[in-house]
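Each chain, letter by letter, is given below.
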Amino acid sequence: MQEIATMAGIYKRVRSYSFRDTWMNIGLQLGIDIRKLSKGLGHSSVQVTEKHYAGLIQQNLFDEINSKITKASYKKPSP
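Predicted model only: the values in this text are computed from it and were never measured.

**Student:** Teacher, can you tell me more about the layout of surface pockets here?
**Tutor:** Where empty space is left becomes clear once a probe the size of a water molecule has been rolled over the atoms. By volume, the largest pocket amounts to about 230 Å³. Lining the largest pocket are Leu-28, Gln-29, Gly-31, Ile-32, Ile-34, Ile-57, Asn-60, Leu-61, Asp-63 and Glu-64. Those elements that provide at least two residues to the lining of the largest pocket are helix 2 (16-29) and helix 5 (54-71). Per-element accounting of the lining of the largest pocket gives the leading share, five residues, to helix 5. Partitioning the lining of the largest pocket into residue classes produces five nonpolar, three polar and two charged. Considering the residues around the second largest pocket, the lining is formed by Ala-5, Ala-8, Ile-10, Lys-12, Arg-13, Val-14, Arg-15, Tyr-17, Ser-18, Phe-19 and Thr-22. Of the residues forming the lining of the second largest pocket, the biggest block, four residues, is contributed by helix 2.

Now the structure itself:
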């Protein structure tokens, strides 16, 4: 894994969970259902996934909401 990271230009130490975290993060950003991601990670339940990735899940949720809010077009109220 370290060799792959180095080939990708990543020069810090990586561990197996780094790839799992990246996979999870990309899945969430793509809007993949957390139940599918949980199953892919081999967790016994979605609650286990939510427990381990609570911060990441919350950040992605806020990013999604903020993106929609900032892209929304608002009409100015007429005088």
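So much for the structure itself; the text now carries on.
**Student:** Got a minute to help me understand a nonpolar patch on the surface in this structure?
**Tutor:** A grouping of Leu-61, Phe-62, Ile-65 and Ile-69 is seen on the molecular surface, where their side chains present a nonpolar patch of about 350 Å² in accessible area. Turning to its location among the elements, Ile-65 is positioned in helix 5. For Ile-65, a relative accessible area of 38% gives the class partly exposed.

Conventions used here
- Sequence positions are assigned chain by chain, starting from 1 and proceeding in written order.
- Totals for whole chains, interfaces and linings use all residues, but because this is a predicted model, local features are given only for residues with pLDDT of at least 70 and pairs of side-chain atoms are given and counted only at 80 or more.
- Only hydrogens and water are set aside when side-chain values are computed; all heavy atoms of the structure are taken into account.
- For cavity detection a 1 Å grid was placed over the protein atoms alone, and a set of points counts as a cavity when a 1.4 Å probe fits there but cannot get out; an open set counts as a pocket when protein lies on both sides within 12 Å along at least five of seven lines, with lining residues being those that have an atom within 4 Å of a point.
- Grid points are joined across faces, edges and corners, and a volume is the space filled by probe spheres set on the points.
- Each helix is a run of H or I in the DSSP string that is no shorter than four residues. Each strand is a run of E no shorter than two, and both are numbered from the N terminus.
- As a working rule, the residues Ala, Val, Leu, Ile, Met, Phe, Trp, Tyr, Cys and Pro are called nonpolar, Asp, Glu, Lys and Arg charged, and the rest polar, with Gly in that last group.
- Residues enter patches when they are more than 30% accessible in relative terms and free of salt bridges; like-charged ones are connected within 9 Å and nonpolar ones (Val, Leu, Ile, Met, Phe, Trp, Tyr) within 5 Å.
- Surface accessibility in these figures is a Shrake-Rupley result with a 1.4 Å probe; residues are shielded only by whichever protein chains are displayed.
- Just to be clear on terms, a salt bridge is a Lys or Arg side-chain nitrogen sitting within 4 Å of an Asp or Glu carboxyl oxygen.
- Residue exposure (1.4 Å probe, protein chains only): buried if accessible area is under 20% of the type maximum, exposed if over 50%, otherwise partly exposed.

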